[in-house]
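Architecture and fold: a report
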Amino acid sequence: VSDSAVLAGFDAKLFITLVGVSFLFSVAQVNGTLELVAKKGIRLAGRQSWLVPIIIFLVSGILAAIGPGNIPVGNLMTVVAVTVAVSMGENPLLFALAAKVAANGFTLSPLAPAGVLMQKLGDDAGYTDFAMPVMWNCIIWSVILLIGFAVYYKIWKIKPSASGQVMEQTDQLTRSQWITVAGVLGMVVLVVCFGVNVGLAAFLIAALLVIAGVTDEKKAMTKVPWGTLILICGVGVLMNVVIELGGLDVMSSALLSVMTPKTAAPIIAVTSSILSFFSSTTGVVMPSMIPTLGPIVETLGTGSAGFAQLASVVITSSLSAAFSPASTGGGLILAAYMTASDAEDKDKEQNKLFGRLLMIAGACVIANAVLATIGIYGIIS
């Protein structure tokens, strides 16, 4: 494979989009806008404390959907959720799971990096009308998991308290933070109403915010998840080499050898889950698995709806396994939990939580495989 063929796998447009969106919301994170907006949202529960995990879910989902995506919002909201739970004397795991499942479930928005990546991978495979069904399928997945977590942890037993007092008297938005909120809304308007590329719109707004002096641009640059962005584009380069050498056909043929139209979804679900237990959904699983779906769908004859269904299965399965402490999502929950924990034996508590998160990930994977098997992701597709 020639050097030029290898370099052709690096998608500059995708990289610019990911960096632009990440930088804009790093600006909002550094000046405290994201955290303050999140805390104000949680205070809406008032004395109805059982609503707090639900509000955490909604705030986390909305923040993820408008641009930052699951990684920065998962970081932010997991810490906020655990802090709130500890202050209320409640189980931090329920609150953290509510935050993380929402960040993951709403991250397929066309404004978020994962949504942009999914659209690009689908376009490369020759499918263009699948993005919205996949996004809604992932939101449905997150709602189903939230209901499961709420029932398991008995959300109705959360003790009544003034959640507003728990959050203390939240500060008012400063002038810089109001300007940041206006900037983010301006980015959404540029993308949705005027069709401006989301990456370029994000760079424009971020530049204006930096010029306005509402943030520390050096700190904002360090908040950009450069490793993850390079990983996503780097796997794209690797997959281009695999395609050039015919590896994609080999992968697709291997999966097709054990598939029928009825077994395709559960087999894809299990395969994606195994990959995600020890790797990143956006960085590894999506760029590796979604390119294989085109040949599979063509052979099975299920068309665009089949592609949307299997893409939904790939993403929801890998996100289900992401609660593993060896993956990004579970690792964030573990770190936030241990930071807020006042346990005397930290090592014992950490090992206990490690095992619990593994079991949660396994249960979510099994539940999602069942959902895929009964065809729930084919209803909207």
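The structure we're discussing is the one just above.
Residues numbered from 1 in each chain as written. Predicted model: local features only at pLDDT ≥ 70, side-chain atom pairs only at ≥ 80, totals over all residues. Heavy atoms only, no water.

To continue, consider the pattern of salt bridges. Two side chains with opposite charge may pair up if their charged atoms get near one another. Counting across every chain of the model gives two salt bridges. When the shortest N-O distance is used, the salt bridge between Lys120 and Asp11 registers 3.4 Å. Of the two residues, Lys120 sits in helix H7 (residues 113-125) while Asp11 sits in the loop between helix H1 (3-7) and helix H2 (12-30), which places them 109 residues apart along the sequence. For Lys120, a relative accessible area of 24% puts it in the partly exposed group. The salt bridge involving Asp124 is made with Lys120; its shortest N-O contact spans 2.8 Å. Of this pair, Asp124 and Lys120 both sit in helix H7, four residues apart, which is roughly one turn of the helix. Asp124 sits in the exposed class, given a relative accessible area of 55%. Because the salt bridges share partners, they merge into one network encompassing Asp11, Lys120 and Asp124. (Salt bridge = Lys/Arg side-chain N within 4 Å of Asp/Glu carboxyl O. Helix = DSSP H or I, 4+ residues; strand = E, 2+ residues; numbered from the N terminus. Buried < 20%, exposed > 50% of the residue type's maximum accessible area, 1.4 Å probe, protein only.)

Turning to the packing of aromatic side chains, a few remarks are in order. Counting across every chain of the model gives six aromatic pairs. Ring centres 6.0 Å apart and planes at 90° place the aromatic pair Phe149 and Phe323 in the edge-to-face group. On the criterion of sequence distance, the pair formed by Phe149 in helix H8 (residues 131-152) and Phe323 in the loop between helix H17 (303-321) and helix H18 (328-340) is long-range, its members being 174 residues apart. Each member of the pair, Phe149 as well as Phe323, carries the same accessibility label: buried. Chaining the aromatic ring pairs together yields one cluster made of Tyr127, Phe130 and Phe307. (Phe/Tyr/Trp six-rings, centres within 6.5 Å; stacked < 30°, edge-to-face > 60°.)

Time to look at a nonpolar patch on the surface. A cluster of nonpolar side chains, namely Met132, Trp136, Ile140, Ile144, Ile379 and Ile380, defines an oily patch on the protein surface of about 550 Å² accessible area. Counting through the fold element by element, Trp136 comes out in helix H8. (Patch = residues over 30% accessible without salt bridge, like charges linked within 9 Å, V, L, I, M, F, W, Y side chains within 5 Å. Areas by Shrake-Rupley, 256 points an atom, 1.4 Å probe, with all protein chains shown as cover.)

The relative placement of two packed helices comes down to the angle between their axes together with the axis-to-axis distance. As a packed pair, H7 and helix H16 (residues 281-300) sit with axes 10 Å apart at the nearest point and diverge in direction by 20°. By the angle between their axes, H7 is roughly parallel relative to H16. Handedness of the crossing formed by H7 with H16: right-handed. Contact residues: H7 offers Ala114, Leu117, Met118 and Leu121, while H16 offers Thr282, Met286, Pro287, Ile290 and Pro291. Taken together, the residues of the contact of H7 with H16 break down into eight nonpolar, one polar and no charged. (Axes fitted to C-alpha atoms, helices over the stretch in contact; angles between N-to-C directions. Parallel < 35°, antiparallel > 145°, perpendicular 65-115°, else oblique. Left-handed = near helix turned anticlockwise from the far one by under 90°. Contact = heavy atoms within 4.5 Å. Nonpolar A, V, L, I, M, F, W, Y, C, P; charged D, E, K, R; others polar.)

It is worth spelling out the environment of Ile139 at this point. As for its placement among the helices and strands, Ile139 is situated in helix H8. For Ile139 and Val82, which are 57 residues apart along the polypeptide, the C-alpha to C-alpha distance reads 23 Å. Among residues more than four places away in sequence, those in contact with Ile139 are Gly105 and Phe106.

This paragraph deals with the side chain of Ser109. Here Ser109 lies in the loop between helix H6 (92-105) and H7. The class of Ser109 is buried, set by a relative accessible area of 6%.

Taken by themselves, the reported measurements are silent on function.
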